[in-house]
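Here's the letter readout for the chains.
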Amino acid sequence: MRTRVENVQRGFTLVELLITMLISGIIITSIYSAFQSQQNSYLAQDQVAEMQQNIRAGLEVMTREIRMAGYDPAGTANAGFVAATGPRLNFTQDITDNAGTATDGDGDCNDSNENITFGFSNANDANTDGIADNVVPLAGAAPLGRNTGGGFQSIANNIAAIEFYYTLADDSQTLTPANPADIRIVQITILARAANADRNFTHGATYITPSGAVWAPPNDNFRRRLLTQRVNCRNMGL
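Numbering of residues starts from 1 in every chain and runs along the sequence as written. Where totals are concerned, whole chains, interfaces and linings use all residues; where local detail is concerned, this predicted model gives features only for residues with pLDDT of at least 70, and gives and counts side-chain atom pairs only at 80 or more. With hydrogens and water set aside, each side-chain value is computed from the structure's full complement of heavy atoms.

Caption draft 1: Broad picture of the pattern of salt bridges. Every case where a carboxyl oxygen of Asp or Glu lies within 4 Å of a side-chain nitrogen of Lys or Arg is listed as a salt bridge. The final tally for this structure, using the stated rule, is three salt bridges. Here Glu65 and Arg146 are joined by a salt bridge, their closest N and O atoms 2.6 Å apart. Of this pair, Glu65 sits in helix H1 (residues 14-66) while Arg146 sits in strand S4 (residues 142-147), and the two are 81 residues apart along the sequence. Note on accessibility: Glu65 and Arg146 belong to one class, buried. Ionic pairing is found between Asp198 and Arg223, a salt bridge with its closest N-O pair at 2.7 Å. One end of the pair, Asp198, is in the loop between strand S7 (183-193) and strand S8 (207-208); the other, Arg223, is in the loop between strand S9 (214-215) and strand S10 (224-232), and 25 residues separate them in sequence. Summarising the burial analysis for this pair, Asp198 and Arg223 share the class buried. We count a stretch as a helix when DSSP gives it H or I for four or more residues in a row; a strand needs E for two or more, and each element gets its number in order from the N terminus. Accessibility here uses a 1.4 Å probe with only protein chains present; expressed as a share of the type maximum, an area under 20% marks a residue as buried, one over 50% as exposed, and anything in between as partly exposed.

As structure tokens, this is what we get:
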């Protein structure tokens, strides 16, 4: 008697295929969402780190040089603060000679890097209010500049606003000292903006400076960071 053996081959049913595709889709979507979240987080951290580095670079330059305002070892250079407003600061220091070789000045402030102005250039801040003009291609951020007579050179990029706030010899504080020679402390406040917009972020924060001024950025997609630094002017009032 011959035994009959049936070779039955069965594939997946349509329902099984649909369930498999559904599960695969859920897994792929979860993996992509996790990747996208990590990528967005990385980009945000990178933007914040860049802004912090930008602010610190600008503050380091200004702090070092403002601290030297009024440096006048010979006592004949009449060094000190020349003009001081909220958005811009101009001062002198006697640190070298015409040849650039002296380290203690030569009795005047007519040499290289002895007459310094910090702030935005007129091209980037037409009304001189300390807030970068919101025009293309700047769009609310501009280089913060240092001018020693040849025009403003950038010391920090993508700066949205700057404020200089002054403490005077009588401990009063003002944005517009009547006599710049009375300045003893300069408080620098910088608002930096990210270089690129983030479509997943909406910025609606309002910033209040030490003087009480209100900086209210538009509801855009740029991250911003605010930092304040106090500088004691050790050569003033001696």
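Caption draft 2: Here's a closer look at the packing of aromatic side chains. Only Phe, Tyr and Trp rings are paired, with Trp represented by its six-membered ring, and only when their centres lie within 6.5 Å; those with planes under 30 degrees apart are stacked, over 60 edge-to-face, the remainder tilted. What the rule picks out here adds up to two aromatic pairs. Between Phe81 and Phe91, the ring centres sit 6.1 Å apart and the planes meet at 65°, which makes this aromatic pair edge-to-face. Of this pair, Phe81 sits in strand S1 (residues 81-84) while Phe91 sits in strand S2 (residues 89-92); the two residues are ten residues apart in sequence, bridging distant segments of the chain. In this pair, the class of Phe81 matches that of Phe91, namely buried. Aromatic pair Phe91 and Phe118: ring centres 6.0 Å apart, planes at 40°, arrangement tilted. Here Phe91, found in strand S2, pairs with Phe118, found in strand S3 (residues 115-119); they are 27 residues apart in sequence, far enough to count as distant.

Function cannot be inferred from these measures alone, as they are strictly geometric.
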